[in-house]
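Here's the letter readout for the chains.
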Amino acid sequence: MTDDNRSLKTAEMLMGMALALLDQQGGEEKSACHLQHALDTLRRVEPMKEGDELDPAILARFGWNDASQHD
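Computed from a predicted structure; not experimentally measured.

Q: Just give me the short version of the overall build of the protein chain, but keep the residues and values in it.
A: Within the protein chain, the regular secondary structure consists of 3 helices and 0 strands. Ordering the α and β elements of the protein chain from the N terminus gives α-α-α. Counting the 71 residues in the protein chain, one finds 10% classified as buried. Taken as a whole, the protein chain presents about 6,200 Å² of accessible surface, with 55% of it coming from carbon and sulfur.

Written out as structure tokens, the structure reads:
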């Protein structure tokens, strides 16, 4: 593993840990969103497209029954 790859893996691990801590603490949604975006970019996760579904467990955390309530 090159130093660059090791640094990226370390950054990914630390961002994941920070995101988990923010999720547990609550009240830091903006910071958590920025961290999630950084992780998705690093991991090259494709953005959601029309027709994609959100995990019902995530919606429940916000008190939503389905995504159509907040278009």
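There is more to say after this.
Q: Go over the pattern of salt bridges, please, and point to the residues and values.
A: In this structure the tally under the stated criterion is 3 salt bridges. A salt bridge links Arg6 to Asp3; its shortest N-O distance comes to 3.3 Å. Residue Arg6 and its partner Asp3 are both found in helix H1 (residues 3-25); the two are separated by 3 residues, about one turn of the helix. Of the residues examined, Asp3 reaches a relative accessible area of 57% and is grouped as exposed. When salt bridges that share partners are traced, they join Lys9, Glu12 and Arg43 into one network.

Q: Can you lay out the nonpolar core for me, pointing to particular residues and giving the numbers?
A: With 5 residues, the main nonpolar core is built from Met15, Leu19, Ala32, Leu35 and Leu39. Elements represented by at least two residues in this core include exactly H1 and helix H2 (29-42). Considering each element in turn, this core owes the most residues, 3 residues, to H2. Every residue in contact with Met15, bar those within four places of it in the chain, is listed here: Leu35, Ala38, Leu39 and Leu42.

Q: Hey, could you go over the side chain of Glu12 for me, with residue numbers and the actual values?
A: Here Glu12 shows up in helix H1. What Glu12 contacts, discounting residues up to four positions off in sequence, is Leu39, Leu42 and Arg43.

Q: An account of H1 is needed here, citing residue identities and associated values.
A: The end-to-end C-alpha distance of H1 is 33 Å, a good match for the 33 Å that 23 residues give at a rise of 1.5 Å each. Of all the positions in H1, only Glu12, Met15 and Leu19 are classed as buried.

Q: If you had to explain H2 to someone new, which residues and values would you point to?
A: Look at H2: 20 Å from first C-alpha to last across 14 residues, which is about the 20 Å you get at 1.5 Å a residue. Listed as buried for H2 are Ala32, Leu35 and Leu39. Projected onto a plane normal to the axis of H2, the buried residues spread over an arc of 65 degrees and lie on a single side. Turned more than 90 degrees away from the buried face of H2 sit Lys30, Cys33, His34, His37 and Thr41, all of them exposed.

Thresholds, definitions, all that
- Residues numbered from 1 in each chain as written.
- Predicted model: local features only at pLDDT ≥ 70, side-chain atom pairs only at ≥ 80, totals over all residues.
- Heavy atoms only, no water.
- Helix = DSSP H or I, 4+ residues; strand = E, 2+ residues; numbered from the N terminus.
- Buried < 20%, exposed > 50% of the residue type's maximum accessible area, 1.4 Å probe, protein only.
- Areas by Shrake-Rupley, 256 points an atom, 1.4 Å probe, with all protein chains shown as cover.
- Salt bridge = Lys/Arg side-chain N within 4 Å of Asp/Glu carboxyl O.
- Core = buried A, V, L, I, M, F, W, Y, C linked by side-chain atoms within 4.5 Å.
- Contact = heavy atoms within 4.5 Å.
- Expected span 1.5 Å × (residues − 1).
- Arc of directions from axis to C-beta.

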